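Summary of structural features
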Amino acid sequence: MVTGVLHDPLKRSLNVMPSQAVFGGVRAGTHNEIIFTLKNEDSIGHRITVKPCVDKRVVIQQLEHGVIAPGMTRKISVGIRVTEDEPEGRISDQLCIVTKHETFKIPITAQVHLYENFEEADNEHRQTMGKSL
């Protein structure tokens, strides 16, 4: 690991950005998505396997396939699909990326609000945190 040793205190071969997926408040009946970027910081190519999530509302899609050459990147899409008849509640799961030598577990969190309750929850969040859900 040439560049991985220089920049990563954990000496990992892949750099996963962002380090977590925090969706915040999610309105029922919508689709929300975060794109993860994996960069190979090693001197050899790597293959990855993305494990499916336990929660069926979390949709993971590998946008590019094949070997990740040294210095190259790959993208993974993590989406939250919540139907309108879905009850309010919390989504908590993890994205699991497996390489030959390492397993990366990235937490995924979201708070589901009913369509009619979303505006109220958003206004509360703006007053306490100063920003929108």
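Preceding this section is the structure that the text describes.
The notes below deal with the structure included here. Quick caveat, the model's predicted, so the values are computed rather than measured.

So, on to the environment of Phe104. Mapping Phe104 onto the fold places it in strand 8 (residues 103-113). For Phe104 and Val50, which are 54 residues apart along the polypeptide, the C-alpha to C-alpha distance reads 9.7 Å.

Moving on to the sheet that holds strand 8. Pairing is mixed across the open sheet formed by four strands, whose spatial order is 2-8-7-4. Each end of this open sheet is capped by a strand with a single partner; those strands are strand 2 (21-27) and strand 4 (49-51). Neighbour-to-neighbour, the strand axes of this sheet turn through a mean angle of 20°, independent of strand direction. Two elements, strand 4 and strand 7 (residues 89-98), share three bridges in a ladder whose sense is antiparallel. Bridge pairing in strand 7 links Lys51 to Cys96.

In this section: the environment of Ala69. Structurally, Ala69 can be placed in the loop between strand 5 (58-62) and strand 6 (73-81). Sequence separation of Ala69 and Ser43 is 26 residues, and the distance between their C-alpha atoms is 8.3 Å. Ignoring any residue separated from it by four or fewer positions in sequence, one finds Ala69 in contact with Asn40 and Gly45.

Among the seven residues that make up strand 2, five are buried, leaving the element largely enclosed by the rest of the structure. As paired elements, strand 2 and strand 8 share five bridges and run parallel to each other. Within the sheet, the bridge partner assigned to Val22 lies in strand 8 and is Thr109.

Across all of its chains, the model carries one salt bridge by this definition. Two residues, Arg57 and Asp55, come together in a salt bridge whose shortest N-O distance is 2.9 Å. By the burial criterion, Arg57 is buried, and Asp55 matches it.

Reading the values: the criteria
- Residues numbered from 1 in each chain as written.
- Predicted model: local features only at pLDDT ≥ 70, side-chain atom pairs only at ≥ 80, totals over all residues.
- Heavy atoms only, no water.
- Helix = DSSP H or I, 4+ residues; strand = E, 2+ residues; numbered from the N terminus.
- Pairing = 2+ DSSP bridges.
- Axes fitted to C-alpha atoms, helices over the stretch in contact; angles between N-to-C directions.
- Contact = heavy atoms within 4.5 Å.
- Buried < 20%, exposed > 50% of the residue type's maximum accessible area, 1.4 Å probe, protein only.
- Salt bridge = Lys/Arg side-chain N within 4 Å of Asp/Glu carboxyl O.

These figures capture arrangement, not role.
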